[in-house]
Amino acid sequence: MQVILINGSPNKEGCTYTALKEVSDTLNKHNIDTEIFYIGKKAVSGCIACNYCREHFKCCMDDKVNEFMQKLPEADGVVVGSPVHYASASGMITSFLDRIFRVGFLNNAWANKPGAAVVSCRRGGATATFDQINKYFTMNNMPVVSSQYWNQVHGSNPEEVKKDLEGMQTMRNLALNMVWLMRCIEQGKTQNILPPK
């Protein structure tokens, strides 16, 4: 099984990455393959509603969106990570999510893949960002993976995030819940328990 973790921060190995890495490491300990997919610093345009993706399963703009969409069919679960920018997800991840979910929605590629949001903030705005990201999952027939608390970490740099012991524990428990849910789905298929149509 495989989980793709999307790093929606402009900082490749900053606070968001630190939280995602904790999730990834825990998944790996339970024999789940992972990839942390970094969007990068190059601008990601918003969706232009051209409907090219309806027939081609890719976006008309050839960028990180199409690179990600090639990986999605093999993924059993997805974790989306974002820093908080003015009490919402980063502009880059928002444009990216608008487009990957548009492409995937038109082709039913997201249905029944467990999804989880991970949010990194210095102090406030995390719950609004968490809510924003979760809406992508709930509008695409995806089971939402929870933890013991909101999936958030606090700190201004990776070292401070690592000192957020409750946040780090929340990341590990999120991973354990994702492992459990993916295995339940896999086992269900062997018992002919199929997803709803």
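Refer to the preceding data block for the structure.
These remarks concern the structure in this document. (Residues numbered from 1 in each chain as written. Predicted model: local features only at pLDDT ≥ 70, side-chain atom pairs only at ≥ 80, totals over all residues. Heavy atoms only, no water.)

1. Some words on the environment of asparagine 173
Relative to the assigned elements, asparagine 173 resides in helix H7 (residues 165-190). You can call asparagine 173 partly exposed: its relative accessible area is 23%. Sequence separation between asparagine 173 and glutamine 148 is 25 residues, and the spatial gap between their C-alpha atoms is 6.8 Å. (Helix = DSSP H or I, 4+ residues; strand = E, 2+ residues; numbered from the N terminus. Buried < 20%, exposed > 50% of the residue type's maximum accessible area, 1.4 Å probe, protein only.)

2. Re the nonpolar core
Within the largest apolar cluster, 33 residues are counted, with the highest numbers of intra-cluster contacts made by Ile6, Phe68, Phe96 and Ile100. Of all the secondary-structure elements, those providing two or more residues to this core are strand E1 (2-7), helix H3 (64-71), strand E3 (77-83), helix H4 (91-106), strand E4 (115-121) and helix H5 (126-138). The element best represented in this core is H4, accounting for 6 residues. Not counting chain neighbours up to four residues away, the residues in contact with phenylalanine 68 comprise Ile4, Ile6, Phe37, Phe96, Ile100 and Trp110. Grouped together as the second largest cluster of nonpolar side chains are 22 residues, Leu20, Val79, Val161 and Val179 included. (Core = buried A, V, L, I, M, F, W, Y, C linked by side-chain atoms within 4.5 Å. Contact = heavy atoms within 4.5 Å.)

3. Examining the packing of aromatic side chains
Per the counting criterion, the structure on display carries 8 aromatic pairs. When the ring of phenylalanine 101 is compared with that of tryptophan 110, the centres are 4.0 Å apart and the planes differ by 15°; the resulting orientation is stacked. The burial state of phenylalanine 101 is the same as that of tryptophan 110; both residues are buried. Three or more aromatic residues joined by ring pairs form one cluster here, namely Phe37, Phe68, Phe96, Phe101, Trp110, Tyr136 and Phe137. Between lysine 64 and the ring centre of phenylalanine 37, over which it is positioned, the NZ or CZ distance is 5.2 Å. (Phe/Tyr/Trp six-rings, centres within 6.5 Å; stacked < 30°, edge-to-face > 60°. Lys NZ or Arg CZ within 6 Å of the ring centre and 35° of its normal.)

4. A word on the side chain of threonine 170
Here threonine 170 is to be found in helix H7. Threonine 170 sits in the buried class, given a relative accessible area of 1%. Ignoring any residue separated from it by four or fewer positions in sequence, one finds threonine 170 in contact with Ser147, Gln148, Tyr149, Trp150 and Asn151.

5. Considerations on the environment of phenylalanine 101
Residue placement: phenylalanine 101 occurs in helix H4. Given the relative accessible area of 5%, phenylalanine 101 is considered buried. Distance from phenylalanine 101 to alanine 19, taken between C-alpha atoms, is 23 Å for residues 82 residues apart in sequence. Sequence-distant contacts of phenylalanine 101, defined by excluding residues within four places in its chain, comprise Trp110, Tyr136, Phe137, Asn140 and Met142.

6. Observations concerning the sheet that holds E4
Spatially, the 5 strands line up as an open sheet ordered E2-E1-E3-E4-E5, and their pairing is parallel. Looking along the sheet, the strands with just one partner apiece sit at the ends: strand E2 (33-38) and strand E5 (152-154). Geometrically, the sheet is characterised by an average inter-axis angle of 15° between neighbouring strands, direction not taken into account. Sheet topology note: the E1/E3 ladder contains 5 bridges and is parallel. Across the sheet, the residue bridging to isoleucine 4 is valine 78, located in E3. The strands that H4 touches are E1, E2 and E3; relative to E3, the one it contacts most, it runs at about 155°. On top of the sheet, H5 reaches E3, E4 and E5; it is set at about 160° to E4, its chief contact. (Pairing = 2+ DSSP bridges. Axes fitted to C-alpha atoms, helices over the stretch in contact; angles between N-to-C directions.)

7. Some details on the packing of H3 against H4
Contact pair H3 / H4: the axes reach a minimum separation of 10 Å and the direction vectors enclose 45°. Comparing the axis directions of H3 and H4 gives the class oblique. Where H3 crosses over H4, the handedness of that crossing is right-handed. In contact with Lys64, Val65, Phe68 and Met69 of H3, H4 contributes Phe96, Arg99, Ile100, Val103 and Gly104. The residue makeup of the contact of H3 with H4, split by class, is 6 nonpolar, 1 polar and 2 charged. (Parallel < 35°, antiparallel > 145°, perpendicular 65-115°, else oblique. Left-handed = near helix turned anticlockwise from the far one by under 90°. Nonpolar A, V, L, I, M, F, W, Y, C, P; charged D, E, K, R; others polar.)

Note that every value here comes from positions in space, so none of it alone points to a role or purpose.
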